[in-house]
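Residues per chain, in single letters:
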Amino acid sequence: MAFDIDMIKKVYSQYEERVTAARKMVNKPLTLSEKILYTHLWSGNATEAYERGKSYVDFAPDRVAMQDATAQMALLQFMQAGRAKAAVPSTVHCDHLIQAKEGADKDLARAKSESSEVFNFLSSVSNKYGIGFWKPGAGIIHQVVLENYAFPGGLMIGTDSHTVNAGGLGMVAIGVGGADACDVMAGLPWELKFPKLIGVKLTGKLSGWAAPKDVILKVAGILTVKGGTGAIVEYFGDGAESLSCTGKGTICNMGAEIGATTSTFGYDASMERYLRATDRADVADAANAIKGHLTADPEVYANPEEYFDQLIEINLSELEPSLNGPFTPDLYTPASRMREEAQKNGWPTKVEWGLIGSCTNSSYEDLARAASIARQAVDKGLVTKAEFGINPGSEQVRYTADRDGLLKTFEDLNATIFTNACGPCIGMWDRAGADKQEKNTIVHSFNRNFAKRADGNPNTYAFVTSPEMVAAIAISGDLGFNPVTDTLTNKNGEQVKLDPPTGDELPTKGFDVEDPGYQAPAADGSSVVVEVSPTSDRLQLLEPFAPWEGTDLKGLKVLIKAKGKCTTDHISMAGPWLKYRGHLDNISNNLLIGAVNYFNDKTDNVQNQLTGEYGAVPATQRAYKAAGIGSIVVGDENYGEGSSREHAAMEPRHLGVRAVLVKSFARIHETNLKKQGMLGLTFDNKDDYDKIQEQDNIDIIGLTEFAPNKPLTLVLHHADGSEERITVNHTYNAQQIEWFKAGGALNIIRANQAK
Ligand code: SF4
């Protein structure tokens, strides 16, 4: 699968010099996270110490990973860069677009036919540009990355929030938007605010029913869904070393649920075992050679309170099996208290489904431990009360688990084996009866359990737990069942108890697979044709945006003055629009339809200044575009917060909006606007927001002398003939001003490629 050992060796060869330079600048011992970040500076050796939580720093990631839903726009943009190949090793993984319904074979065949044009596009564009392509059915992005590409001490970005899973193999791996992935593949630096650091010291050892999942469920209970925001969580201690590599992956994976930038563990024997078991002995050897650099300096772990911004300590020996939920992944309840909590809160205790899988918990060890419970149920004459579904994490895991009889054990309990894909975890689950919206409970080993996530039913109470607990609870059919203390009645009316789970960390006979589902890219992709039908409604090749015309912008109409919160969801809604993520013109029909119009308090209802009539925002903007008239979007505080979705910046650009003027921006969205060649401006005096009137014509003055730190002037021509001038600020640096002038960052990259 062509992991790049030469690239890894090159990264490792720089460690000594770069860590030494960083230690000198920071002037104290370094955490592992700092070592990884400072060795991946775009500029080479550190020349300053960055302020955690404040400094914006350019990094050079080693890899890019993309899943099929987000890869579409990332790659459409990348095609605009004019490069022959991706600048860093990159992969695409088809895992999000496969619905779980009848079982793997039928479900996969249906998905391949329904989304064939998307899969064909991703396959051909990967083939052309030197990108590894993992076909539908090959597995879930993060499991496949852990098995094939993650390496200790590496820096990776991925267009999915659970990219952080690779921290289980000692990486700093971070979820980003498609625009960031595009930049890195195009050879540009990647900017990140230098994170704060949270240390989690693990002592003791898991035993009985407690699993790695219980570590992160506990951490989520402590830190809550926002507690990790802007921070890397670094796990260490004897307890950390006692966990398997995939168990560490589970813990890092759900770091996304506490909002952490990412999570990671220092290189240890479990990682070496995993690397060797997954056919990467050369990576293990290379890592061993610089082992000291792949964990924090000893002083850090000796006195962690001096080096981390926050410190948490967890004794694994005291951890109980637990469940988090419903509706939020940070509501922590140990199994021993679940019956009481469920009664108190009115949570339905009859469990209808137990689902094992997702990138969080779909490793060989996960399936082995859950299967040990399933086997006991068969042997002890128990019948499963709930339905059971399994999504193996990869074809390699599935094939090996099948060879070793684990899947047969689940099937003996009437489990449905779904495709090696996300399935129910991303709501791709055709669950019979979900449309009736009845109150019900499910347990799963996934990471997220927000309302409607798995089956679209707002009344499904979903609880997150370990795979072995999913198995035990599905067998009992009772949310309050605590396998540590409770017994179950078998077919003969006898009381039986389930023994604690057992399972091999790695298959004793080694991993095996016939067809992993990987397509290597063409050595020379220049003759490969990228397949996009001009009549497709899901995919559309991008046209470069037009460069700035070289004059001030005059007579801009106010498309909308958004009132209050305006997130990327308000600007570019998700849900049914997801299927148009690869078709800019079609998805632009959701432009700002969630934003509230300040002038009438309605959503998706603005006045068309050409006709005086009220209508939908996208249609109104299309009318301005057709008339060759520019427009401006006005917004409130923290405009564009939420996701890093680049569509929220591309759509207004595509439809002819010329500027976005707000009280303040969410930073990622502001950067995305700049990348697309759009003007992102802020009121110098926030009260000037009140001066913008519905029928204003607005001029933006000063663009011919557009320069860093130099405000621009807006002239507001009101409908009554009066005129006001206001000052607006911007944060464009010299390079970003060039992006604006060229019509977007990609236009510059392409021009440079052509030279
Ligand atoms: Fe995201 Fe779930 Fe797929 Fe993981 S399994 S990548 S959390 S949708």
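Note that the coordinates shown come from a computational prediction; the quantities given were computed from them, not determined experimentally.

## Topic: the environment of Arg-273
Next, step 1: You can see Arg-273 is positioned in helix α11 (residues 269-277).
Next, step 2: By the C-beta count within 10 Å, which is 15 here, Arg-273 ends up partly exposed.
Next, step 3: Separated by 176 residues in sequence, Arg-273 and Leu-97 have C-alpha atoms that sit 33 Å apart.
Next, step 4: Residues in contact with Arg-273, not counting those within four places in the same chain, are Cys-245 and Leu-506.

## Brief notes about the sheet that holds strand β26 (residues 657-662)
Next, step 1: Within the closed barrel, the seven strands sit side by side as β22-β25-β26-β27-β30-β29-β28. Their pairing is mixed. On average, each strand axis in the sheet is tilted by 40 degrees relative to the strand beside it, whichever way the strands run.
Next, step 2: Taken together, the three bridges between strand β22 (residues 553-561) and strand β28 (residues 697-701) define a ladder with antiparallel strand orientation. Following the sheet pairing, Leu-553 is matched in β28 by Ile-700.

## Observations regarding the sheet that holds strand β8 (residues 196-203)
Next, step 1: As summarised here, the arrangement of the four strands in space is β10-β9-β8-β11, forming an open sheet in which the pairing is parallel. Each of the sheet's edge strands pairs with one partner strand only, and the pair in question is β10 (262-265) and β11 (310-315). On average, each strand axis in the sheet is tilted by 20 degrees relative to the strand beside it, whichever way the strands run.
Next, step 2: Here β8 runs beside strand β9 (residues 231-236); their pairing, made up of six bridges, is parallel. Bridge pairing in β9 places Leu-197 opposite Ile-232.

## Comments concerning the domain arrangement of the protein
Next, step 1: Domain annotation for the protein reports domain 1 (5-318), domain 2 (322-496) and domain 3 (553-754).
Next, step 2: The C-alpha-based centres of domain 1 and domain 3 are spaced at 34 Å.
Next, step 3: Across the boundary between the two partners, domain 1 contributes 17 residues, which contact 14 residues of domain 3.
Next, step 4: Looking at the side of domain 1 that touches domain 3, the elements that each hand over two or more residues are α3 (68-79) and α7 (178-185).

Conventions and cut-offs
Residues numbered from 1 in each chain as written. Predicted model: local features only at pLDDT ≥ 70, side-chain atom pairs only at ≥ 80, totals over all residues. Helix = DSSP H or I, 4+ residues; strand = E, 2+ residues; numbered from the N terminus. Buried ≥ 20, exposed ≤ 12 C-beta atoms within 10 Å, placed from the backbone. Contact = placed C-beta atoms within 7 Å. Pairing = 2+ DSSP bridges. Axes fitted to C-alpha atoms, helices over the stretch in contact; angles between N-to-C directions. Domains from an automatic or database assignment.

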